[in-house]
Amino acid sequence: MPRRLTIGAATILTLVVLWFLVTSVLGLIAPGRFPSPQATIAALDHVLFRGYAGGTLVEHVVNSLRLVLLGFLVAIVTGVPLGLLMGWNRTAEALINPVFLIIRPIPPLAWIPLAILWLGLGDGAKIMVIWFAAFVPSVINAYAGVRTIEKPVLEAAAMLGTPKLRFIVEVLVPAASPMIFTGLRLSLQASWTTLVAAELVGAFYGLGRVLNVAQQDLYPGMILVGMIAVAILGWATTKGLGMLEARALSWNQAAALAGKG
Amino acid sequence: MGVIRFDNVGRVFGAKSNPFVALKEIDLEVGDKEFVAIVGPSGCGKTTCLRLVAGFDFPSSGKVLVDEQPIRRPRPERAVVFQQFALFPWKTVHDNIELGLRNQSVAKAEREERINRILELMNLTAYAKHFPHQLSGGMQQRVAIARAYVLDPDVLLMDEPFGALDAQTRVVMQEELVRLARRNPRTVLFITHAVEEAVYLADRVAIMTRAPGRIKEVLDIRSIREAEDWDSYEKIEDVMDLESFVHLRTHIWRSLREEKAAATA
């Protein structure tokens, strides 16, 4: 692990040095196309302390993060139970699947214009679009999670006389949880993608708004700051979810370590 | 009580136009606290017999009764031990065994007492807090047997329970099951394709034919076992050396081989 860490750090350092060389030192890339490290730091200083595109960096970050988490939560709170229901109940599957087949091919971003038309440029439209985007992976993976439960496990639960509610909480959900978490990870990624896109199209603040304004201002340093901020936030939230998953699926982790033996 | 009775049972799978007759005219009675093994070639429908008693499947004709009552659904009184163990991997050994007792609303103190007793009996006490994946196959199957036995079921249904274990583990488990079954007798329906296992464990052995599955012959092992006092031998290999054991085993082998010959002819 330390060895991997060292190599990783060395790679990043090399990239930064290269970046510095081709921009500031050698001037191979024009500053109008891609910013130098100094220009990026200056842009960071600008948005961090003086504010840009309607707010400081912290305000933009807090706003984007809040919307992503809200949209993500709404999506999984509705999507996971629906997926479980579809996996478990044939009638529910037969009823819902056709609707799903129609909606699923529509790229989530295609909902943005309609969402803005309905709910304006505020939070509501963003949450709605994130919901649409993050909902699908949550449903599909929870559904697949139920469908892949081994039959003897279900029969064992029945043989032990497990009542319905306890069956759902202690058998169905844990058995499907590895797949459910796969769905959550995809949902979270979809949430970030859609939020940035939705803020690019129309927003009062947020990281997508920063990117949009910086593009109009021909401000490459600020564009890069916005991109890096999105990358760090996406990484951090994914990491957080990963930690939650490791805790919830510790029994599965043990299985992976034991080589399924 | 726990008397199982198959009354002219048939089971047909598939479409009406292309039916597959899995079981035909099965008549068999397993008495209270009797240990009956069904042996037969793979695909002969022996597991289907067990699933009918468990309530996982239902006969197409005839009746399967437990204590003269028809079976409507799976119940803890008819506990099942599966070939692939079917433990809940997200629950510890303790919690796997506890679920059935909680479902029956057994009080906490009594639950713990019963769990501790069965853990001790199955040599699992040190593993109570382990997860199934941390255990070997033999240990996992012990947990599955404990999970069934702790319910104090009328009927214990074992579907090739040692089929997934290696030969050495298998022998140890067979010896332990004999120990458990003699000490704490239950009505047991035991499915296997291993002839020695059936002879060693069962009071009676039912031999099944290949599809359509019928019961060809039922052998009484118990009277011979008691006459020769097999249970006084500690190890399975000592019993397997006895002339009476060899004789029974050979008889069943012949009977099964006739089936094989009939199928390939």
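Quick caveat, the model's predicted, so the values are computed rather than measured.

Cut-off values and rules
- Residues numbered from 1 in each chain as written.
- Chains lettered and ligands numbered in written order.
- Predicted model: local features only at pLDDT ≥ 70, side-chain atom pairs only at ≥ 80, totals over all residues.
- Heavy atoms only, no water.
- Helix = DSSP H or I, 4+ residues; strand = E, 2+ residues; numbered from the N terminus.
- Buried < 20%, exposed > 50% of the residue type's maximum accessible area, 1.4 Å probe, protein only.
- Contact = heavy atoms within 4.5 Å.
- Areas by Shrake-Rupley, 256 points an atom, 1.4 Å probe, with all protein chains shown as cover.
- Lys, Arg positive; Asp, Glu negative; His and termini not counted.
- Charge placed at Lys NZ, Arg CZ, Asp CG, Glu CD.
- pLDDT = per-residue confidence, 0-100.
- Salt bridge = Lys/Arg side-chain N within 4 Å of Asp/Glu carboxyl O.
- Pairing = 2+ DSSP bridges.
- Axes fitted to C-alpha atoms, helices over the stretch in contact; angles between N-to-C directions.
- Parallel < 35°, antiparallel > 145°, perpendicular 65-115°, else oblique.
- Left-handed = near helix turned anticlockwise from the far one by under 90°.
- Nonpolar A, V, L, I, M, F, W, Y, C, P; charged D, E, K, R; others polar.
- Patch = residues over 30% accessible without salt bridge, like charges linked within 9 Å, V, L, I, M, F, W, Y side chains within 5 Å.

### Let's talk about the overall build of chain A
Item 1. Check the secondary structure of chain A and you find eleven helices and zero strands.
Item 2. For chain A, the α and β elements follow one another from N to C terminus as α-α-α-α-α-α-α-α-α-α-α.
Item 3. Projected onto the principal axes, the alpha-carbon positions of chain A cover approximately 75 × 50 × 30 Å.
Item 4. Residues classed as buried in chain A amount to 42% of the 261 residues present.
Item 5. Pairs at least 24 residues apart make up 71% of the contacts formed inside chain A by residues separated by at least 6 positions.
Item 6. Accessible surface for chain A amounts to roughly 14100 Å². Of this, 73% is attributable to carbon and sulfur atoms.
Item 7. The averaged location of the 10 negative side-chain charges in chain A is 6 Å from the averaged location of its 17 positive side-chain charges.

### Brief notes about the confidence of the model for chain B
Item 1. Confidence along chain B averages 91 in pLDDT terms, with 98% of residues attaining 70 or more.
Item 2. Within chain B, helix 2 (residues 93-103) of chain B carries the highest mean pLDDT (97), whereas helix 9 (residues 243-264) of chain B carries the lowest (83).

### A look at the pattern of salt bridges
All names here are of chain B.
Item 1. All chains considered together, the criterion is met by 28 salt bridges over all chains.
Item 2. Residue R186 pairs with D152 through a salt bridge whose shortest N-O separation is 2.5 Å. Of this pair, R186 sits in the loop between helix 5 (167-183) and strand 8 (187-192) while D152 is found in the loop between helix 4 (137-149) and strand 7 (155-159), placing the two residues 34 residues apart along the sequence.
Item 3. Salt-bridge contacts for R170 lead to E197; the nearest nitrogen and oxygen are separated by 3.1 Å. Placement of the pair is R170 in helix 5 and E197 in helix 6 (residues 195-201), with a sequence separation of 27 residues.

### Let's talk about unusual backbone geometry
Item 1. You will see that A53(A), though not glycine, has its phi angle at about 55°, which is positive.
Item 2. Phi is positive for K33(B), which is not a glycine, with a value near 60°.
Item 3. Tracing the sequence through the fold places K33(B) in the loop between strand 2 (20-30) and strand 3 (35-39).

### A word on the sheet that holds strand 3 of chain B
Residues and elements named next belong to chain B.
Item 1. With respect to topology, six strands assemble into an open sheet ordered 6-7-8-3-9-10, the strand pairing being mixed. The sheet terminates laterally at strand 6 (78-81) and strand 10 (215-220), the two strands that pair on one side only. Across the sheet, the mean angle from the axis of one strand to that of its neighbour is 15°, orientation sign disregarded.
Item 2. Where strand 9 (residues 204-208) meets strand 10, five bridges bridge the pair, whose relative direction is antiparallel. Each bridged residue has a counterpart across the sheet, and for M208 the counterpart in strand 10 is I215.
Item 3. Lying on the sheet, helix 4 is in contact with strand 6 and strand 7; it crosses strand 6 at an angle near 180°.

### Concerning the packing of helix 3 (residues 57-88) of chain A against helix 8 (residues 164-201) of chain A
Residue and element names in this part refer to chain A.
Item 1. Where helix 3 contacts helix 8, the two axes come as close as 8 Å, and the packing angle between them is 140°. Between helix 3 and helix 8, the crossing angle belongs to the class labelled oblique. As for the relative orientation of helix 3 and helix 8, their crossing is right-handed in sense. On the side of helix 3, the interface is formed by N63, S64, L65, L67, V68, F72, I76, V80, L84 and W88, while helix 8 contributes F167, L172, V173, A176, I180, L184, S187, L188, S191, W192, L195 and E199.

### Topic: the packing of helix 5 (residues 112-119) of chain A against helix 6 (residues 123-147) of chain A
All names here are of chain A.
Item 1. At a minimum axis distance of 8 Å, the contact between helix 5 and helix 6 shows a crossing angle of 145°. The chirality of how helix 5 crosses helix 6 is right-handed. Of the residues in helix 6, those touching helix 5 at I112, A115, I116, W118 and L119 are G124, A125, M128 and V129.
Item 2. Within the contact of helix 5 with helix 6, the residues separate by chemical class into eight nonpolar, one polar and no charged.

### Some words on a nonpolar patch on the surface
Residues and elements named next belong to chain A.
Item 1. On the surface, L13, L15, V17, L18, F20, L21, V25, L26, L28, I29 and F34 cluster together to form a nonpolar patch covering roughly 1000 Å² of accessible area.
Item 2. Mapped onto the secondary structure, V25 falls in helix 1 (residues 2-25).
Item 3. Judged by relative accessible area, V25 falls into the partly exposed class, the value being 49%.

### Thoughts on the environment of C44(B)
All names here are of chain B.
Item 1. Relative to the helices and strands, C44 resides in the loop between strand 3 and helix 1 (46-54).
Item 2. Given a relative accessible area of 1%, C44 falls into the buried group.
Item 3. Measuring from C-alpha to C-alpha, the distance between C44 and R210 comes to 4.3 Å, with 166 residues separating the pair along the chain.

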